[in-house]
Amino acid sequence: QVQLVESGGAVVQPGRSLRLSCTTSGLTFSSHGFHWVRQAPGKGLECVAVIWWDGSNKYYADSVKGRFTVSRDNSMNTLYLQMNSLRAEDTAVYYCARDSATYVLDVWGQGTTVTVSS
Amino acid sequence: QSALTQPASVSGSPGQSITISCTGTSSDVGGYNYVSWYQQYPGKAPKLMIYDVSTRPSGVSDRFSGSKSGNTASLTISGLQAEDEADYYCSSYTTGAGLFGGGTKLTVL
């Protein structure tokens, strides 16, 4: 059974950093790209970061470029999202999702909540 | 990176059909056959319903279908059921991070 489990969400002050993790099981992690998608309270979905299967390409939404970094550890079957200089507008549920083809997100985690507040 | 445009809400009665539109540009929806649709219930993770414009993943009801014309993609749900009441999001490949639509709330009357 394919599973993605996010962790690391917390309440943090503006300007601080946080690292999210997405632990996977039941899949060949190194064969897939992954996306981080967030959803602010009462709002829609936003793709914040994409990483290819081999980590050779990474893409970011303009809203997080220069502040967020996506990475992966294929030996640990784990995806990461390093979030620096956090802002109130980064408050959201963050999901990791497997890319099974060209931006086809067929498996999602349950999400982890990040709240940025003083 | 502008979000794709979806109607905020649509509604229909059980048994009817509804269509949700998703408008982008030639750089995303119109430029590639990589449009997906996701269903989301409150407090739950999204679920893939359609990919590559019109392909249904295994296990998704054939009441769900997708199409595209120019820069606009569409999701049609036929034979509406109460369980279809949810939020629906379109998504498209584009160079860079993917794009989502703003979401459409489907109400089954």
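As the structure is a prediction and not an experimental result, all values here were calculated from the model.

Conventions adopted
Residues numbered from 1 in each chain as written. Chains lettered and ligands numbered in written order. Predicted model: local features only at pLDDT ≥ 70, side-chain atom pairs only at ≥ 80, totals over all residues. Heavy atoms only, no water. Helix = DSSP H or I, 4+ residues; strand = E, 2+ residues; numbered from the N terminus. Buried < 20%, exposed > 50% of the residue type's maximum accessible area, 1.4 Å probe, protein only. Contact = heavy atoms within 4.5 Å. Buried area = accessible area lost by both parts, 1.4 Å probe. Polar contact = N/O pair within 3.5 Å; in protein donor to acceptor, adjacent residues only side chain to side chain. Pairing = 2+ DSSP bridges. Axes fitted to C-alpha atoms, helices over the stretch in contact; angles between N-to-C directions. Disulfide = S-S within 2.5 Å. Core = buried A, V, L, I, M, F, W, Y, C linked by side-chain atoms within 4.5 Å.

Before going further, it helps to examine unusual backbone geometry. Backbone geometry places A:Tyr103, a non-glycine residue, at a positive phi of 60°. Mapped onto the secondary structure, A:Tyr103 falls in the loop between strand S9 (92-99) and strand S10 (105-108). Judged by relative accessible area, A:Tyr103 falls into the buried class, the value being 7%. The backbone of B:Val53 shows a phi angle near 75°, a positive value even though the residue is not glycine. In this fold, B:Val53 is placed in the loop between strand S4 (47-50) and strand S5 (64-69).

What follows covers the interface of chain B and chain A. Counting residues at the interface gives 21 residues for chain B and 20 residues for chain A. Of the roughly 1600 Å² buried at the junction of chain B and chain A (both faces included), carbon and sulfur atoms supply 63%. Counting across the interface, chain B meets chain A through five residue pairs in polar contact (both at pLDDT 80 or more). Those elements giving two or more residues to the side of chain B that touches chain A turn out to be strand S3 (35-40) and strand S7 (86-92) of chain B.

Turning our attention to the environment of B:Ile18. All names here are of chain B. By the secondary structure assignment, Ile18 is in strand S2 (residues 18-23). Taking the C-alpha atoms as reference points, Ile18 and Gly79, separated by 61 residues in sequence, lie 8.8 Å from one another. Leave out the neighbours within four places in its chain, and Ile18 touches Val10, Ser11, Gly12, Leu75, Thr76, Ile77, Leu80 and Leu106.

Time to look at the environment of A:Val50. Inspection of the secondary structure puts A:Val50 in strand S5 (residues 45-51). Taking the C-alpha atoms as reference, A:Val50 lies 9.0 Å from A:Ala61; in sequence the two are eleven residues apart. Residues contacting A:Val50, with those up to four places away along its chain left out, are A:Phe34, A:His35, A:Asn57, A:Lys58, A:Tyr59, A:Val70, A:Tyr103, B:Ala97 and B:Gly98.

Residue and element names in this part refer to chain A. On the basis of which strands lie adjacent, the open sheet formed by four strands has the order S1-S3-S8-S7 and antiparallel pairing. The sheet is open, and its two borders are formed by strand S1 (3-7) and strand S7 (68-73), each paired with just one other strand. Adjacent strand axes in the sheet meet at a mean angle of 15°, parallel and antiparallel pairs treated alike. Here S7 runs beside strand S8 (residues 78-83); their pairing, made up of six bridges, is antiparallel. Residue Phe68 lies in a different strand from S8, and its bridge partner there is Met83.

Right, let's get into the state of the cysteines. Residues and elements named next belong to chain A. In this structure the tally under the stated criterion is two disulfides over all chains. The disulfide that involves Cys22 links it to Cys96, with 2.0 Å between the sulfurs. The S-S bond linking Cys22 to Cys96 shows a torsion near 65°; that makes this disulfide right-handed. Of this pair, Cys22 sits in strand S3 (residues 18-25) while Cys96 sits in strand S9; the two residues are 74 residues apart in sequence, bridging distant segments of the chain.

All names here are of chain B. Sheet analysis places S3 next to S4, joined by three bridges and oriented antiparallel. For Tyr38, the partnering residue across the bridge sits in S4 and is Leu48. The turn linking S3 back onto S4 is made up of six residues, and Gly43 within it adopts a positive phi angle of 75°.

On to the sheet that holds S5(B), then. All names here are of chain B. Spatially, S2-S6-S5 is the arrangement adopted by the three strands of the open sheet, whose pairing is antiparallel. A strand with exactly one partner marks an edge of an open sheet, and here the two such strands are S2 and S5. Strand-to-strand, the axes of this sheet are offset by a mean angle of 20°, without reference to chain direction. Pairing geometry for S5 and strand S6 (residues 72-77), over six bridges, is antiparallel. Opposite Lys68, over in S6, you have Ala73 as the bridge partner.

Take the nonpolar core next. In this structure, A:Leu20, A:Trp36, A:Val70, A:Leu79, A:Leu81, A:Met83 and A:Tyr94 are the most contacted members of the largest nonpolar core, which totals 27 residues. Counting residues per element, the ones that place at least two in this core are S3, strand S4 (33-39), S5, S7, S8, S9 and strand S11 (112-116) of chain A. Residues contacting A:Met83, with those up to four places away along its chain left out, are A:Arg16, A:Ser17, A:Leu18, A:Leu20, A:Arg67, A:Phe68, A:Tyr94 and A:Val114. Ranked by size, the runner-up nonpolar core spans 23 residues in total, among them B:Ile20, B:Val35, B:Leu80 and B:Ala86.

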